[in-house]
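Working through the structure, step by step
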Amino acid sequence: MNQLLAAAEVFKDQLIAVRRDLHRHPELAFREERTARVMAEASAALGYRIRRGVGRTGVVAELENGHGPVVALRADMDALPIDEQNDVDYRSTVPGAMHACGHDAHMSMLLGAARLLAEAKVRGELPAGTVRLLFQPSEESSDDENKSGAVRMIEDGALKGVDAVFGLHIGGHLEAGKAFLVQPGPIMAGSVTFSGVILGKSAHAARPQESVDAIVLAAHVVLAAQNAVSRGIAPRDEGVLSIGMVNGGVAENIIAEQVTLRGTIRYFEESVRDALVASLERSFALADTLGGSHRLDLQHGYPPVVNDGAMAGVAREAVIQTLGADAIGALDPWMGAEDFALMLQEAPGCFFWLGGAPSSPREHHHPRFDIDEAVLPKGASVLAACAMSALQVR
């Protein structure tokens, strides 16, 4: 398998060029028209059969090689609504849009894997079966029906007949060249977002007896909600309830009539999710008890990312054979969410991370996010190795 890495290093400059072109031209969720065209044309040039408009703006590319399993490799395509602050010649040319999560690198690595697999087929070294590339729109957000790109692609049959599926995420904050979370079981959390409104009664600050202070009510709700994890679930369980936005009031001398609270719940087990939701609902109900009222809207997001045991083993061995045993890095499962989880509900697979930190590590979703582009051949070769190994699983 290490021959794959050597082959990918030969066209490293091309992978970097692709990544930089995509970085210069970011497109937001479900608007990835140019991006999809670039992915489709590049895949077609390698001999893949192309289907466009999958999941609205997604691309499916297939390389058929006789009868056998269908193995899918996925890369997300959408950018984030962020103005880039990096001073580089490949910085975003689109105001208000930036590849601040590495999706440009994901696409470059998947095209690199596609080339390695196509070359293996020509040499007669590709195991029998079909490789299916999934260039997915809108991982970062959902549409007006609360459906992300993974949902839309699944609805359009992108996972139909798939026997195994693999996804790779670059980590701008993780040691370059090491693979993380290549393990079975839950590795990333499920999510629920919430938006609640606390309603009171406004009055002048000099006449508080005439009011029902929505800010005071909201303070009780916030404090009660923070007990959800410490008192609402068992110590051995893992869960997070965070309130990230508090908005209310119109003037310093007017008692607020309304306060809006927005936040998120993260979990690995459905029972934990249900317990945290119940605690949140009880917390908001305090506003009613104290003389006000409330509205609470819950939006269920992605389920947890749960790697299949066998496919995690395939991916781990692919990393070891391609990058070496010391390329396996240690990282605990974490509470970030990822809609690849939905694909893992359709077919057994593995989602893992490849460290890509530059000399100054960068956090995701930050206007100065960037990566060490030297890892692009590594990601391409590992994805190709995953596909070739999974094609041999019967």
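Everything below is about the structure printed above this text.
Description of the structure in this document.

1. Examining the packing of aromatic side chains
Within this structure, the stated rule accounts for two aromatic pairs. Where W334 meets W353, the ring centres are 5.6 Å apart and the plane angle is 75°; that geometry is what we call edge-to-face. Taken together, the positions of W334 in the loop between helix 9 (309-323) and helix 10 (340-344) and W353 in strand 15 (residues 349-355) put the pair 19 residues apart, joining distant regions of the chain. Overall, the relative accessible area of 36% leaves W334 in the partly exposed class. Positioned above the aromatic ring of F30 is the side chain of R56, whose terminal nitrogen or guanidinium carbon lies 4.2 Å from the ring centre.

2. Some points on the nonpolar core
Counting residues in hydrophobic clusters, the biggest one holds 70 residues, and the most contacted among them are L73, L117, L133, F135, F166 and F352. Among residues more than four places away in sequence, those in contact with F352 are G167, L168, H169, A179, F180, L181, V182, A315, V319, V382 and C386. Counting residues in each nonpolar core, the second largest holds 27 residues, with A72, F180, M188 and V305 among its members.

3. Digging into the environment of A347
Tracing the sequence through the fold places A347 in the loop between helix 10 and strand 15. With 21 residues separating them along the chain, A347 and D326 place their C-alpha atoms 29 Å apart. The contact partners of A347, leaving out residues within four places of it in the chain, are V162 and V165.

The rules we used
- Residues numbered from 1 in each chain as written.
- Predicted model: local features only at pLDDT ≥ 70, side-chain atom pairs only at ≥ 80, totals over all residues.
- Heavy atoms only, no water.
- Phe/Tyr/Trp six-rings, centres within 6.5 Å; stacked < 30°, edge-to-face > 60°.
- Helix = DSSP H or I, 4+ residues; strand = E, 2+ residues; numbered from the N terminus.
- Buried < 20%, exposed > 50% of the residue type's maximum accessible area, 1.4 Å probe, protein only.
- Lys NZ or Arg CZ within 6 Å of the ring centre and 35° of its normal.
- Core = buried A, V, L, I, M, F, W, Y, C linked by side-chain atoms within 4.5 Å.
- Contact = heavy atoms within 4.5 Å.

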